[in-house]
Amino acid sequence: SGGYNSIALKVDGSRFKMQAANFKPDYAGQTPHGSIPKAGIDMTNMITTIGATNLNEFDKLNAGIVAKSSIVTVKRSMFTKISYDTFYNEPYRGTAIVSVGVPAGDILTGNLTVLPEAISYNTVDNCYRGIYVNKSALYADYIHILNVTHGVFGTNISFQQTATVSNSVITASSSGLSFISNPFAKAVYLASNDITINGVNNPNLPIQPAWYGIQMRENNVFATVRYNATNNTIHLNNGTYGIYSGMLNRANIKFNVIRITGNGYGINAQSNLSASVSCNTINGNYTAGLSNSYGISI
């Protein structure tokens, strides 16, 4: 108690993974648990860097790194087959890297930095979700989040904190970058990312089950947070929205390139105040079925 822990923590060349098909039988009186490990690393009130010279591996877990009310930098770490176990009930289950602020911690907010990866690996591959932040600042640059259901999710970013995701590659089946309800944050910057949304085509549905390349949404149009989506390339395959802007104040949506295959919206802005949507390129190339595709819908 009393602030951040002054403990030197070094995680270098370590493997956190479940290699067997199942756990061994429980011992008498063992605490109930799911069918896969709850997390590789779980920490509270820490200031630390995970990753040094040698690659860390997190594989077949319910969550990779869970940082609560901590200032954490993650580098030289690879996350594969992180999938949620229904036994656990945290909203971030199934996520490779988590940063949340928790009331039980002495510090109520978090800060997560995910540094660029080496060319020999992908940061996240074949997981349910790549990054989850709640009451935490975020900076992620030059990383790959591939073959996921959801790429990055951020909510409740704290007063005057920022979230930045830039120069990253994301392939997802439902959503790429989603930032929802961050009214007290300073800004959200989503820049120069390459996002591919691969939905499953259902010719009987005018709107497909895959949702967003980029989702930016608030509950109050007078929130002071500023959202910026610039220079992103989005491939929307049987999805719904390339970029969705909902109830934002002075959002900037500029210089994005969006390609639509199937039904969907390139850019959809609803109930915005003074949004700036300019210099975007949107191309629709549906080939069969219903042709409900739209360039920009305001």
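The shown structure was predicted, so the numbers you read here are calculated from the model rather than taken from an experiment. (Residues numbered from 1 in each chain as written. Predicted model: local features only at pLDDT ≥ 70, side-chain atom pairs only at ≥ 80, totals over all residues. Heavy atoms only, no water.)

## Points about the pattern of salt bridges
(1) Moving on: Counted according to the given criterion, the structure contains two salt bridges.
(2) Moving on: Across the pair Lys38 and Glu90 runs a salt bridge whose closest N-O atoms are separated by 3.0 Å. Taken together, the residues Lys38 in the loop between β2 (15–17) and β3 (41–44) and Glu90 in the loop between β8 (77–82) and β9 (95–100) connect sequence positions 52 residues apart.
(3) Moving on: Salt-bridge contacts for Lys68 lead to Asp42; the nearest nitrogen and oxygen are separated by 3.4 Å. Taken together, the residues span a long stretch of sequence, with Lys68 in strand β6 (residues 65–68) and Asp42 in strand β3 at a distance of 26 residues. (Salt bridge = Lys/Arg side-chain N within 4 Å of Asp/Glu carboxyl O. Helix = DSSP H or I, 4+ residues; strand = E, 2+ residues; numbered from the N terminus.)

## Digging into the pairing of strand β18 (residues 194–198)
(1) Moving on: Inspection of the sheet shows strand β16 (residues 169–180) paired to β18 by four bridges, in the parallel sense. Of the residues in β18, the one forming a bridge with Thr171 is Thr196.
(2) Moving on: Sheet topology note: the β18/strand β21 (residues 233–237) ladder contains five bridges and is parallel. Looking across to β21, one finds that Ile195 is bridged to Ile234. (Pairing = 2+ DSSP bridges.)

## Structural notes on the packing of aromatic side chains
(1) Moving on: With the rule as written, the count across this model stands at 12 aromatic pairs.
(2) Moving on: Between Phe58 and Phe79 the ring centres are 4.7 Å apart and the planes differ by 15°, which places this aromatic pair in the stacked class. Of this pair, Phe58 sits in strand β5 (residues 56–61) while Phe79 sits in strand β8, and the two are 21 residues apart along the sequence. As far as burial versus exposure is concerned, Phe58 and Phe79 are alike and both buried.
(3) Moving on: Plain terms: the ring middles of Tyr84 and Tyr128 are 4.9 Å apart, the flat faces sit at 80° to each other, and that makes the pair edge-to-face. (Phe/Tyr/Trp six-rings, centres within 6.5 Å; stacked < 30°, edge-to-face > 60°. Buried < 20%, exposed > 50% of the residue type's maximum accessible area, 1.4 Å probe, protein only.)

## Overview of the pairing of strand β14 (residues 144–155)
(1) Moving on: Relative to β14, strand β11 (residues 124–125) is paired through two bridges, and the arrangement is parallel. Within the sheet, the bridge partner assigned to Val124 lies in β14 and is Ile145.
(2) Moving on: In the sheet, β14 pairs with β16 via eight bridges, with the strands oriented parallel. By the bridge assignment, Val148 is partnered in β16 with Ala172.

## Structural notes on the sheet that holds strand β23 (residues 252–254)
Through backbone hydrogen bonds, the strands of a sheet pair up, either in parallel or in antiparallel fashion.
(1) Moving on: Pairing is parallel in the open sheet, where 10 strands are placed in the order β1-β4-β7-β10-β13-β15-β17-β20-β23-β26. Pairing within the sheet leaves two strands with one partner each, and these edge strands are β1 (10–11) and β26 (276–278).
(2) Moving on: Relative to strand β13 (residues 136–141), strand β10 (residues 110–114) is paired through five bridges, and the arrangement is parallel. Opposite Asn111, over in β13, you have Ala137 as the bridge partner.

## What about unusual backbone geometry?
(1) Moving on: Despite not being glycine, Lys135 shows a phi value in the positive range, around 60°.
(2) Moving on: Relative to the assigned elements, Lys135 resides in the loop between β12 (129–134) and β13.
(3) Moving on: Within the chain, Ser181 stands out as a residue other than glycine whose phi angle is a positive 60°.
(4) Moving on: Mapped onto the elements of the fold, Ser181 is located in the loop between β16 and β17 (187–191).
(5) Moving on: For Ser181, a relative accessible area of 16% puts it in the buried group.

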